[in-house]
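# Structural overview
What follows is each chain in one-letter form.
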Amino acid sequence: MRTLNIVIAILFTSLLAATCDDPKNGPAGPSPSPQTTSSSPVLTGLELTGQTTLAPGATSEFTLIAVFSDGSRNDVTAAAQWSINNSTYVTSLGQGRFRAVANGEATFSARYSNRNISREIVVVPDGTFRVTGRIVEDDGVSPVPNAHIRVRDADETGPQTDADESGYYRLYGVKRNVDLVVTRPGYTDTERKNLTIDRHTTVNIQIPLAGPRMRVEGTYTATFNWSNCSTAFPADLRQRVYTAVVKQSDALIEVRFIEPSFVHNSANRGDLMEGRVTGTGMSLFADNGYYYYYYGGAGSAPSLIELLPDNRRLMSWGTAVLTQSGNRFSGALQQGGTQLTQLQSRGNTYVGSCSVGQLTFTPR
């Protein structure tokens, strides 16, 4: 009986081995691992299509396409978030639809899956265009602030505007064949004749001084008069009088305020305005110095921060185009203001501010 059991065990083992090596079942070995599925395609970009020049009252519908890593493209217009930066000229009708309101321009953006894409819409009458550019002196560099530019066309109905403090201008509704005429007191009237405008374009214009450049270096009494102030802004700070020393190098000027006291940063800023001599006076600039002083940056732009008693700081900024009247130079501060803060152990606390300023320089 024992011998029989041994024989049966040997036969069973042989049969098991034959089954495992059976060609029908394949060679013995570990079970195959399951197949891995390919990863889902990822978003690689956005494409935006639609009409970007509209006449007032017209509408445009934009389509937003999402492009994926496998080459597929999906229309995601309805799923995107749409916004517009200036509803004065263009309003949003939702889901990529916009209506033009008035001559001008606005930028809209579409956001989908943490990606953004934007476009500019220009609003001009049919058959007309936008012309932008810069008005500078005949050196090709120095800006001519507040120069007046108008379009002279066949029926004398062309648009007109004033350049900003940096000489930039924008004209909307310019016809195909026009002249551009630039005027500014202290400069020679200048024309760009026989321009053919067939698209939105840029035209830079040089305008020469009418005579020798003014000399403005010297010591002045600089008076800042502030209005449109918040309730908490002290009445005795709405007029500030400083001593100012002006240095001139050709068209460039630097104004250092030497008294009373000013706060300086590591770039020696805090008592400074910079600018240029124009045909009728000077254009001065001071930046909002908050970042440079209170977030550790050295700063490269001019800034003006007066140190007041009790650790108060009065920061003033803006661009002033000062024109000469008698022996004085005066003008409004554009895009400017003044802000009073109180220095404390944990930083500066806002106290009050004014948003309208007038600056006068009187020679000493």
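Residues numbered from 1 in each chain as written. Predicted model: local features only at pLDDT ≥ 70, side-chain atom pairs only at ≥ 80, totals over all residues. Heavy atoms only, no water.

### Concerning the pattern of salt bridges
This model, assessed by the stated rule, comprises 15 salt bridges. Between Glu105 and Arg130 there is a salt bridge; the shortest N-O distance is 3.0 Å. Here the residue Glu105 occupies a position in strand 9 (residues 104-112), and Arg130 occupies one in strand 11 (residues 129-136), the gap between them amounting to 25 residues. The exposure class of Glu105 is buried, given its relative accessible area of 16%. By relative accessible area, which is 12% here, Arg130 ends up buried. Several salt bridges converge on common partners, so that one network encompasses Glu105, Glu120, Arg130 and Arg170. (Salt bridge = Lys/Arg side-chain N within 4 Å of Asp/Glu carboxyl O. Helix = DSSP H or I, 4+ residues; strand = E, 2+ residues; numbered from the N terminus. Buried < 20%, exposed > 50% of the residue type's maximum accessible area, 1.4 Å probe, protein only.)

### A look at the side chain of Ser60
Mapped onto the secondary structure, Ser60 falls in strand 3 (residues 59-61). Under the relative-accessibility criterion, Ser60 is labelled buried at 6%. Those residues in contact with Ser60 that lie beyond four places of it in its chain are Gly50, Gln51, Leu54, Gly96, Arg97 and Phe98. (Contact = heavy atoms within 4.5 Å.)

### A closer look at the packing of aromatic side chains
Summed over all chains, the structure comprises 13 aromatic pairs. Consider the rings of Phe98 and Phe108, whose centres lie 4.6 Å apart with planes at 35 degrees: the pair is tilted. Of the two residues, Phe98 sits in strand 8 (residues 97-100) while Phe108 sits in strand 9, which places them 10 residues apart along the sequence. Taken together, the aromatic side chains of Phe224, Trp226, Tyr242, Phe257 and Phe262 make up a single cluster linked through ring pairs. (Phe/Tyr/Trp six-rings, centres within 6.5 Å; stacked < 30°, edge-to-face > 60°.)

### As for the nonpolar core
Nonpolar side chains in soluble globular proteins tend to end up buried together. Grouped together as the largest cluster of nonpolar side chains are 31 residues, with contacts concentrated most on Val216, Phe224, Phe257, Leu359 and Phe361. Looking at this core element by element, the count peaks at 4 residues for strand 19 (residues 218-229). Formed by 21 residues, the second largest nonpolar core is a distinct cluster that contains Ala147, Val151, Ala163 and Ile207. (Core = buried A, V, L, I, M, F, W, Y, C linked by side-chain atoms within 4.5 Å.)

### Things to note about the sheet that holds strand 16 (residues 190-196)
In space, the 4 strands of this open sheet follow the order 13-12-15-16, with antiparallel pairing throughout. Two strands close off the open sheet at either side, each with one partner strand: strand 13 (160-162) and strand 16. Averaged over all pairs of adjacent strands, the angle between strand axes in this sheet comes to 15 degrees, irrespective of strand direction. Here strand 12 (residues 148-152) pairs with strand 13 via 3 bridges, running antiparallel. (Pairing = 2+ DSSP bridges. Axes fitted to C-alpha atoms, helices over the stretch in contact; angles between N-to-C directions.)

### Side note on the environment of Val255
Within the fold, Val255 resides in strand 21 (residues 252-259). Along the chain, Val255 and Tyr220 lie 35 residues apart, while their C-alpha atoms are 9.7 Å from each other. Excluding anything up to four places from it in sequence, Val255 contacts Ala244, Val245, Val246, Asp271, Leu272, Met273, Leu284 and Phe361.

### As for the pairing of strand 24 (residues 304-308)
The element strand 24 is extensively covered by neighbouring structure, given that 4 of its 5 residues are classed as buried. From the end of strand 24 to the start of strand 25 (residues 312-325), which pair antiparallel, there are 3 residues, and Asp310 there has a positive phi angle of about 65 degrees.

### Notes on the state of the cysteines
Scanning all chains against the criterion turns up 1 disulfide. A disulfide bridge connects Cys229 with Cys354, and the sulfur atoms are separated by 2.0 Å. Here Cys229 and Cys354 share a disulfide; its torsion about the S-S bond, 105 degrees, makes the bridge right-handed. Here Cys229, found in strand 19, pairs with Cys354, found in strand 27 (residues 347-363); they are 125 residues apart in sequence, far enough to count as distant. (Disulfide = S-S within 2.5 Å.)

### Focus: the sheet that holds strand 9
Taken together, 4 strands build an open sheet; the order of strands is 2-10-9-6 and the sheet is mixed. The open sheet terminates on both sides in strands that have one partner only, identified here as strand 2 (53-54) and strand 6 (81-84). Note: strand 9 against strand 10 (residues 115-123), 9 bridges, orientation antiparallel. When the bridges of strand 10 are listed, Gly104 appears paired with Val123.

### Focus: the layout of surface pockets
If you add up the space inside the largest pocket, you get close to 210 Å³. As for the largest pocket, its lining consists of 14 residues, of which Pro143, Gly275, Arg276, Ser283 and Phe285 are closest to the centre. For the lining of the largest pocket, the elements supplying multiple residues, two or more each, are strand 22 (272-277) and strand 23 (281-286). When its residues are assigned to classes, the lining of the largest pocket shows 5 nonpolar, 5 polar and 4 charged. (1 Å grid on protein atoms, 1.4 Å probe; cavity = no way out; pocket = protein on both sides within 12 Å on 5 of 7 lines; lining within 4 Å. Points joined across faces, edges and corners; volume = space filled by probe spheres on them. Nonpolar A, V, L, I, M, F, W, Y, C, P; charged D, E, K, R; others polar.)

### Thoughts on the confidence of the model for the chain
Per-residue pLDDT for the chain has a mean of 86; in total, 85% of the residues score no lower than 70. Contacts of residues 6-25 to residues separated by more than four positions or lying in other chains number 6 contacts, the stretch itself having pLDDT below 50. Segment residues 294-299: pLDDT under 50, and 15 contacts once partners within four positions in sequence are set aside and those in other chains are kept. (pLDDT = per-residue confidence, 0-100.)

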